[in-house]
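# Examining the three-dimensional arrangement
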Amino acid sequence: MQINYWWIGAVAVIMVVLIIWLIKRNRKDEKVYEKEIIESELKSEDHREEE
């Protein structure tokens, strides 16, 4: 059985790129989520002051 190192290398590179992309996307989504939480808390405090 011969091992095709070109395919293994290509799959390894694709996996590394996918992992990097997922990490960057997760960080971006986390910042957006934190911003939404902070804004919703501020809106609820403003709503309480009006009552």
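Residues numbered from 1 in each chain as written. Predicted model: local features only at pLDDT ≥ 70, side-chain atom pairs only at ≥ 80, totals over all residues. Heavy atoms only, no water.

### Points about the overall build of the chain
Within the chain, the regular secondary structure consists of one helix and zero strands. Classification of the 51 residues of the chain by burial places 0% in the buried group. Total accessible area computed for the chain in this model is approximately 5,600 Å², and 63% of it derives from carbon and sulfur atoms. (Helix = DSSP H or I, 4+ residues; strand = E, 2+ residues; numbered from the N terminus. Buried < 20%, exposed > 50% of the residue type's maximum accessible area, 1.4 Å probe, protein only. Areas by Shrake-Rupley, 256 points an atom, 1.4 Å probe, with all protein chains shown as cover.)

### Points about a nonpolar patch on the surface
Side chains of I3, Y5 and I8 sit close together on the surface and give an oily, nonpolar patch of about 360 Å² of accessible area. Here Y5 shows up in helix α1 (residues 5-50). Looking at Y5, the relative accessible area reads 62%, which means it is exposed. (Patch = residues over 30% accessible without salt bridge, like charges linked within 9 Å, V, L, I, M, F, W, Y side chains within 5 Å. Salt bridge = Lys/Arg side-chain N within 4 Å of Asp/Glu carboxyl O.)

### Details of the pattern of salt bridges
Per the counting criterion, the structure on display carries one salt bridge. One salt bridge connects D29 with R25, and the closest N-O pair in it is separated by 3.9 Å. With a gap of four residues between them, D29 and R25 both fall in helix α1, about one helical turn apart. A relative accessible area of 45% means that R25 is categorised as partly exposed.

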